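One letter stands for each residue in the lines below.
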Amino acid sequence: MQYLPIFTKLDDKPVLVVGGGDVALRKCHAFLKARANVTVVAPEFCDELVSLASEGKLSLIKEYFDTHHVLGMMLIIAATDNEAVNKAVFDAANNQNIFVNVVDDQPKCGFIFPSIVDRNPITIAISSAGTAPVLARRIREKLEALIPHHTGALARLAGDFRDQVKARFKSFSERRQFWERVFDSSVVSKVQVGDQIGAEQQMHDLLSKTLQPEGEVYIVGAGPGDPELLTIKALQLMQQADVVVYDYLVSDEIMELVRRDADLVCVGKKAGHHSVKQEDTNQMLVDFAKQGKKVCRIKGGDPFIYGRGGEEVQILANHDVKYQIVPGITAAAGCSAYAGIPLTHRDHAQAIQFVTGHCKKEGQELDWRGLAQSNQTLAIYMGVIKSPHIQAKLLEHGRAPETPIAIVENGTRKSQRVVRGTLSELAAKIEQHQIKSPALLIIGEVAALHEQLAWFGQTEQVSSFAQPITKVA
Ligand SMILES: C[S@@+](CC[C@H](N)C(=O)[O-])C[C@H]1O[C@@H](n2cnc3c(N)ncnc32)[C@H](O)[C@@H]1O
C-alpha cells in the first residue's frame, strides 16, 4: 500500500496553502469543508480568495513564499504554477516533518486528496495513489450510483439512537444483532422516502420489543435488457432483497446484479415454457412478505406497461403488504432508441400508441380504425404471433400498404436485430427472418428513419447491433 488511508479531524487546525489562483482556491474549499484554520500565502490572490478572507473564513498573507511560513502548520499544499516555488515549499515542509502536497506532482506528495463519495457522515475515499486519477473517478461514479443518497440520513439516525441502544442491549453481540435487524427493516425505506417520524417510531418499537422482521415487496421495472438501462433505485432494491421473483424477460446480465445470496424464483412467462400461474405468483409475493422477507419482483420493461404490475399491486394492497413500485424503461422506449427510431417526430408522427397483440379475453378487439390513422406510431407488444392479423386489420382499415415498419428483436441487448420493411410485408418479414420473442413491432413513418439514424448509419434491412446512437465528433 503506497498511502495509508486515514481520515483526519482538522477542526481549527492550522493548514497552509501556497498560491493565490483557482487551484489554490479549490484546495482551500476542501480544507474549509473540514473546518480547518486556513492560511494562504501568495503575492496576489484571485477575487474569490479575497472575498473568503473578507468574510473571515481564511487568512491571506500577501508575500512571496518563505520557509518560515510553514512553521506550526499541520498540512501544507503547494498550488503555484512555479516549479521552483513548489519545490521550495516541499523542501521546507519536509525539513519540518510536515505533510505536504504539491499539486499535480505525485512524487512530491506526502498526502493526497482521494476521490470522495460523500454521504455525510458516511464518507468513502478512493485513491489510485496518483497512478490513474480518471480510473479512480470512474470508480467513484459507480459508487455514487450504488450508494443510496439516504445512507447519510440513515447513519445520522443510527447515531441519534446509539446511546439508547447501548443502554438497552448490554452485550456487543446483542447490539450487533439489533443493528443488523434495523438495517434489514423498513426503517431503511422510511428514511429513504423521508419519513423521519415513522423511522424514529419504528426504532422505538424495535427497541421496546422483540419484533418479527417486516416484509415488503418491490415491484421493479428492469428495462428491456441492457443492464445499464436499470435505474439506480432498481439496482439498490435488487441488492437488498432476500428473494427475487423474476420472469424470462429479465436478461441474464440484469440477474447477475441481484444480491448474491438472495433466493431466486423464476415464474416463467414465455411462450412454450412452463409458467407459474399469475394467481400463484401473486400469492407467492404475499406469502414471502408475510414471512418477513424483502421480495424484489423484477419485471422486464416497466411493471405497469403490459407487465401485470397493476394486478400484483392490487393483491398486495388487499393483503396489507407494504410495497414500492419502481418504473423501468419500457420496450418501446428502449428498442426505438437503440434502433434509431424516434417514436414521435414533428414531420411524421404526432402521436404514439402502445398496443398489445395479445388480448386477455375474447371480444377485447382493438380499435382498428383508430390504430390505422396516419401520422402516428404504433408500438406493438407481443405482436409476433398475431402479425398476419395485425397486418390485415390495419390494411383493411385504411393504413397505407407502404407504411414503414420495423421489427426490433431482443432490443437493447447484444443480440438485438432490427428488420425493416413495409406494412404489406410485416408477417412475411417475421416469417422470413424467424423473429423470436421478445420482439417489438414499430409501425409508422418514423420506422424509415432507422436507416438514417441507426448506429454508424447502418442501412441494411436487417441490422444486428445493440448500441445507443452515439454521434462521434
Ligand atoms: C409481457 S410484455 C412486457 C412489456 C414490459 N413490461 C415493458 O414495459 O416493456 C412482453 C413484450 O414486450 C416486448 N419486449 C420486451 N422486452 C423487449 C426487448 N428487449 N426487445 C423487444 N421487445 C421487447 C415484446 O413485445 C414482448 O413480447
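Cut-off values and rules
Residues numbered from 1 in each chain as written. Predicted model: local features only at pLDDT ≥ 70, side-chain atom pairs only at ≥ 80, totals over all residues. Heavy atoms only, no water. Helix = DSSP H or I, 4+ residues; strand = E, 2+ residues; numbered from the N terminus. Rg over C-alpha atoms; globule rule 2.2 N^0.38 Å. Buried < 20%, exposed > 50% of the residue type's maximum accessible area, 1.4 Å probe, protein only. Contact = heavy atoms within 4.5 Å. Areas by Shrake-Rupley, 256 points an atom, 1.4 Å probe, with all protein chains shown as cover. Lys, Arg positive; Asp, Glu negative; His and termini not counted. Charge placed at Lys NZ, Arg CZ, Asp CG, Glu CD. UniProt positions renumbered as here; feature names shortened; annotations may be inferred. Core = buried A, V, L, I, M, F, W, Y, C linked by side-chain atoms within 4.5 Å. Polar contact = N/O pair within 3.5 Å; in protein donor to acceptor, adjacent residues only side chain to side chain. Patch = residues over 30% accessible without salt bridge, like charges linked within 9 Å, V, L, I, M, F, W, Y side chains within 5 Å. Salt bridge = Lys/Arg side-chain N within 4 Å of Asp/Glu carboxyl O.

- As annotated in an unreviewed UniProt entry, the chain carries the name Siroheme synthase and comes from Pseudoalteromonas luteoviolacea DSM 6061.

### Describing the overall build of the chain
Part 1: Each helix and strand in the chain was counted, giving 17 helices and 18 strands.
Part 2: In terms of overall dimensions, the chain is more spread out than a globule: its C-alpha atoms have a radius of gyration of 30 Å, far above the 23 Å expected for 473 residues.
Part 3: By its C-alpha atoms, the chain is 90 × 60 × 40 Å across when sized along the principal axes.
Part 4: Here the chain, with 473 residues, has 45% of them falling under the buried criterion.
Part 5: The contacts in the chain between residues at least 6 apart in sequence include a share of 62% that link residues at least 24 apart.
Part 6: Put simply, the chain shows about 25,200 Å² of open surface, and 52% of that area lies on carbon and sulfur atoms.
Part 7: Of note, the chain has its 52 positive side-chain charges centred 4 Å away from the centre of its 55 negative side-chain charges.

### Here we look at the UniProt feature "modified residue: Phosphoserine" (unreviewed entry) in the chain
Part 1: Under the present numbering, the feature "modified residue: Phosphoserine" (unreviewed entry) in UniProt falls on S128.
Part 2: Inspection of the secondary structure assignment puts S128 in the loop between β7 (122-126) and α4 (133-146).

### Here we look at the nonpolar core
Part 1: One finds F31, V38, V40, L49 and L58 to be the most contacted residues of the largest nonpolar core, which totals 22 residues.
Part 2: At the level of elements, β1 (14-18), α1 (22-33), β2 (37-41), α2 (47-54) and β4 (75-78) are the ones that each hand at least two residues to this core.
Part 3: In terms of residue count, the dominant contributor to this core is α1 (five residues).
Part 4: Residues in contact with L58, not counting those within four places in the same chain, are C28, L32, V38, V40, L49, L52 and A53.

### With respect to the side chain of N101
Part 1: Along the chain, N101 turns up in strand β5 (residues 99-102).
Part 2: Here N101 falls in the buried class, since its relative accessible area comes to 5%.
Part 3: In terms of polar contacts, N101 uses its side chain to reach the backbone carbonyl oxygen of F111, at 2.9 Å.
Part 4: Among residues more than four places away in sequence, those in contact with N101 are I76, I77, A78, K108, C109, F111, I112 and F113.

### Let's talk about a nonpolar patch on the surface
Part 1: A grouping of Y306, I352, F354 and M382 is seen on the molecular surface, where their side chains present a nonpolar patch of about 330 Å² in accessible area.
Part 2: By the element assignment, F354 lies in strand β13 (residues 351-356).

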